[in-house]
Amino acid sequence: QVQLVESGGGLVQPGGSLRLSCKTSERPFRVNDMGWYRQAPGKQRELVAGITAGGRTNYADSVKGRFTISRNNAENTVDLQMNSLKPEDTAVYHCNAQIVAHWGESARPYWGQGTQVTVSS
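Asks: I keep staring at the overall build of the protein chain and nothing clicks. Help me out?
Replies: Counting secondary structure elements, the protein chain contains 0 helices and 11 strands. Reading the helices (α) and strands (β) of the protein chain from amino to carboxyl end gives β-β-β-β-β-β-β-β-β-β-β. The C-alpha radius of gyration computed for the protein chain amounts to 14 Å, which stays within 12% of the reference 14 Å derived for 121 residues, consistent with globular compactness. Principal-axis analysis of the C-alpha atoms gives the protein chain an extent of 50 × 25 × 25 Å. With 121 residues in all, the protein chain has 40% of them scored as buried. Excluding contacts between residues fewer than 6 apart, the proportion of contacts in the protein chain whose partners are at least 24 apart in sequence is 56%. Carbon and sulfur atoms form 46% of the exposed surface of the protein chain, whose accessible area is close to 6,600 Å².

See below:
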């Protein structure tokens, strides 16, 4: 069964950088859109950044100019480079992907288990 495996979270000081990575546990038939979401305590999950299979990206206004999403289609990975981090970026970050697991199936959303990012001095 395909799973999304995340890595790269942690504690960083304001102004610092972190890089999150996400990969599929096995090779699916096709991976469509991929993205990163985050959920802070007491808040709804929100889209941070998304990227299509063709490389078109979109970002939440709050992270534009600071975060960069990228993907490797051959390896089925998606990364999120986070620079100039702020305390308000503190949240659990989840990888998401629309995946067709096997030929003939429909695409459905898959979620990673989440990785904690804490920005604090």
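Next comes the rest of the description.
Asks: Is there a simple way to explain the pairing of strand S11 (residues 115-119) in this structure?
Replies: Both faces of the sheet carry side chains from a regular strand, because those side chains alternate between them. Side chains Thr 115, Val 117 and Val 119 project from S11 onto a buried face, and the interleaved Gln 116 and Thr 118 project onto a face without burial. Here strand S2 (residues 10-12) runs beside S11; their pairing, made up of 3 bridges, is parallel. Each residue of the ladder has a partner; that of Val 12, found in S11, is Val 119. Two elements, strand S9 (residues 91-100) and S11, share 3 bridges in a ladder whose sense is antiparallel. Its bridge partner being in S11, Tyr 93 is matched across the sheet by Thr 115.

Asks: Which parts of the structure should I look at to understand the pattern of salt bridges?
Replies: Note that side chains of opposite charge can pair when their charged atoms are close. Using the criterion set out here, one finds 5 salt bridges in the structure. A salt bridge links Asp 61 to Lys 64, with the shortest nitrogen-to-oxygen separation between them at 3.1 Å. For Asp 61, a relative accessible area of 65% translates into the label exposed. As a salt-bridge pair, Asp 89 and Arg 66 come within 2.7 Å of each other at their nearest N and O atoms. Of this pair, Asp 89 sits in the loop between strand S8 (77-82) and S9 while Arg 66 sits in the loop between strand S6 (57-59) and strand S7 (67-72), placing them 23 residues apart in sequence.

Asks: Could you clarify how one ought to interpret the state of the cysteines in this entry?
Replies: In a disulfide, the sulfur atoms of two cysteines are covalently bonded to one another. Tallying each qualifying case throughout the model produces 1 disulfide. Two residues share a disulfide in this structure: Cys 22 and Cys 95, whose sulfurs sit 2.1 Å from each other. Torsion about the S-S bond of the Cys 22 and Cys 95 cystine: about -80°, corresponding to left-handed handedness. Of this pair, Cys 22 sits in strand S3 (residues 18-24) while Cys 95 sits in strand S9, and the two are 73 residues apart along the sequence. For the pair formed by Cys 22 and Cys 95, the shared burial category is buried.

Definitions and cut-offs
Residues numbered from 1 in each chain as written. Predicted model: local features only at pLDDT ≥ 70, side-chain atom pairs only at ≥ 80, totals over all residues. Heavy atoms only, no water. Helix = DSSP H or I, 4+ residues; strand = E, 2+ residues; numbered from the N terminus. Rg over C-alpha atoms; globule rule 2.2 N^0.38 Å. Buried < 20%, exposed > 50% of the residue type's maximum accessible area, 1.4 Å probe, protein only. Contact = heavy atoms within 4.5 Å. Areas by Shrake-Rupley, 256 points an atom, 1.4 Å probe, with all protein chains shown as cover. Pairing = 2+ DSSP bridges. Salt bridge = Lys/Arg side-chain N within 4 Å of Asp/Glu carboxyl O. Disulfide = S-S within 2.5 Å.

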